[in-house]
Amino acid sequence: MFPRIAIIGTGPTGLYTFKQLIGSTVPLSITLYEAEGEPGKGTPYHPDMNDPAMLSNIPSIELPAFTETLVDWLRRQDDEALMRHGIRRETIDEREFYPRLVLGDYMQAQFERMLAIAADHGHEIYVRARHKVVDIEIQPEAIRLRVAHSEGEEDASFDHVVMATGHNWPDSTEIRPGYFVSPWPATVLTSIRNEAVGILGTSLSGIDALMTVATAHGMFYSDAAGDLQYQPAADTEGFTATLMSRKGILPEADFYCPLPYVTPLVCTEEAVDALIATGRHDLLDDVFDLFRSEIVARDPDYAARIGLSQLTVETFATAYYADRTENDPFVWAARNLAETEENRAKRYTVPWRYAILITHEIVARVIPHLDENDLKRFHRHFKGIFIDDYATVPLMSIRRLLALSRAGKLSILRLGEDYKIRTAEDGLDHGAEVVVGETTHRFGAFIDATGQETLSATDLPFPTLVAQGGVRESATPKPGAFQLPDQDPAMVRTGGIDVDEFYRPRLGLPSTARLYCAAIAFLLHKEPFVQGITSARDIGETVGKAILADVAKSDEPLFQISA
């Protein structure tokens, strides 16, 4: 009997897990469950969820290949397929950003290729489209899934189950009249009327929401000089949009840099691991010293300009964002775009930006070891720096923002820390009011584009698993805790799901079966940088290798009860 493996979800994480598994020389029985009708596309890239104007947040060069790279796949497509996505063959480039729908088509095509490879390797593969896993139960010798489909519900048992469910978006986006709790599905946003639209969030998610609404009320075009402009449609005079955030700033354009990353000079894996090995948990300031020294080594002029030697975890962000907060956001964006275009032509990398980029995953190594106080400090003051630096946006997104601004259709609102959002719950019949200080801003439609929040163990959509106590919130050491070689430090539960290095929940239930939590929303508390396709690849490879290792030693116990 083949080892029985279930993968819940066929988005990027599920596909990278599948890719790892089908390389096995031992025949496997793999069942892939997908709640939607098109397995392999994933919610972030599915046509039912995304507008054609929405761009992906990763260039081809950074997208880990399945059976071929995105660029190689694009070059295999005929002209009609390329034109359908607005892509000219001569512009295909490994550093280009493509629409989300393109990535969906690419991943689905790669999934079909991997299915053929799996069959050639002798694996039994079952793809269950429109099958939603609604419950999980840990049993002594298996994991039982309860699966809903068009003909009812059924049970299935497996030796290994991978929860690769991705983000958890609400079933109903417009939770109150004119108030959208998410930009997805984008098709819902096209119903927004000819009115003032408020969008909470200035990252790519907010920009994508804006583009969906903007293209429903007009069109972008290149003028005679080759500059991008926005032409409102007839009778859309009432349409305006406001992007808003606490800082009221726009993200940077994607900057040129060497890939793969070069090795840091000071803030290295070895240096961070040496701090972890001390057994202390008040490590954030020491890690910040390494981070600060890396910037000094890479870009001493920048370090001197912002007074880096005097900055701390709490004050670095103010200096980092100063240039943007002190300038008009559109003036700054135009200048940043011009700089980025010039640097790309020259293949020049801004040293301090790259220093932050190459250290974010190294700094992340210490996060599971921080005590409660330092973990809170990290999330409040330091995390956002790295996210801002690596979550740069496509140059085309900045060009579109500037075009909307020139057309008088877009403004930026700085909320600060003290603001209120009023909705239908406060007596409004539609949309929302945003109160900043003494000023009230009225929007006929309002979109929350701040992204997926961290979820915890009790948020799992599998009631039996939760009732069993089969998963626990992740924990971090209490302040002042010290870890002796033969003793665990005193711990406090802080959220997320408590998993080991192979993404296996630390279960309190005896079983010979294995459960893997590869659902990103449940990992963000301890792994705040696991968003995106590269993280999906890393998680999928880790989970796949762990399953294959268990299969190889299947005559040994597969589970140990955690302490």
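The structure under discussion appears in the preceding block.
Positions within a chain are numbered from 1, following the residues in the order the chain's sequence is written. A pLDDT threshold of at least 70 governs which residues receive local features in this predicted model, and a stricter bar of 80 or more applies before side-chain atom pairs are shown or counted, although totals over entire chains, interfaces and linings include all residues. Excluding hydrogens and water, the side-chain figures rest on all heavy atoms present in the structure.

Engineer: For the sheet that holds strand β6 (residues 152-158), give the residues involved together with the corresponding values.
Structural biologist: By definition, two strands form a pair when at least two bridges between them are found by DSSP. Helix and strand definitions follow DSSP, with helices as H or I runs of at least four residues and strands as E runs of at least two, each counted in order from the N terminus. Taken in spatial order, the 3 strands of this open sheet run β4-β5-β6, and their pairing is antiparallel. Strand pairing shows two members of the sheet lacking a second neighbour, β4 (132-138) and β6, which therefore form its edges. The mean angle between the axes of side-by-side strands here comes to 20 degrees, regardless of whether they run parallel or antiparallel. In the sheet, strand β5 (residues 143-149) pairs with β6 via 7 bridges, with the strands oriented antiparallel. Bridge pairing in β6 places Ala-148 opposite Glu-153. Where helices are involved, their axes are fitted lines through C-alpha atoms of the stretch in contact, as for all axes, and angles between N-to-C directions lie from 0 to 180°.

Engineer: Give a detailed account of empty space enclosed by the protein, specifying residues and quantitative values.
Structural biologist: A cavity, in this analysis, means grid points on a 1 Å lattice covering only the protein atoms where a 1.4 Å probe fits yet has no way out; a pocket is instead an open set bounded by protein on both sides within 12 Å along at least five of seven lines, and a residue lines either one if it has an atom within 4 Å of a point. Grid points are joined across faces, edges and corners, and a volume is the space filled by probe spheres set on the points. Summed over the entire model, instances satisfying the criterion amount to 1 cavity of 30 Å³ or more. Taken as a whole, the largest cavity encloses approximately 30 Å³ of empty space. Surrounding the largest cavity, Phe-255, Tyr-256, Thr-340, Asn-343, Tyr-348 and Val-350 form its lining. As a working rule, the residues Ala, Val, Leu, Ile, Met, Phe, Trp, Tyr, Cys and Pro are called nonpolar, Asp, Glu, Lys and Arg charged, and the rest polar, with Gly in that last group. Classifying every residue of the lining of the largest cavity gives 4 nonpolar, 2 polar and no charged.

Engineer: Before we move on, can you summarise the nonpolar core with the specific residues and values?
Structural biologist: Phe-18, Ile-30, Leu-70, Leu-74, Ile-136 and Leu-145 are the most contacted members of the largest nonpolar core, which totals 72 residues. A per-element tally of this core places helix α16 (residues 533-552) first, with 8 residues. In this description, contact between two residues means that some pair of their heavy atoms is separated by no more than 4.5 Å. Not counting the four nearest positions on each side in its chain, Ile-136 is found in contact with Ile-8, Ile-143, Arg-144, Leu-145, Met-163, Phe-462, Thr-464, Leu-465 and Gln-468. Each nonpolar core is a collection of buried residues, namely Ala, Val, Leu, Ile, Met, Phe, Trp, Tyr and Cys, held together in the definition by side-chain atoms within 4.5 Å. For each residue, the accessible area found with a 1.4 Å probe, counting protein chains only, is set against the maximum for its type, and the residue is called buried under 20%, exposed over 50%, and partly exposed in between. Leu-284, Val-287, Leu-290 and Trp-352 belong to the second largest nonpolar core, which has 38 residues in total.

Engineer: An account of the environment of Ala-303 is requested, with residue identities and associated values reported.
Structural biologist: Along the polypeptide, Ala-303 turns up in helix α9 (residues 300-305). If near-sequence neighbours (up to four positions away) are discounted, Ala-303 is found in contact with Val-296 and Leu-308.

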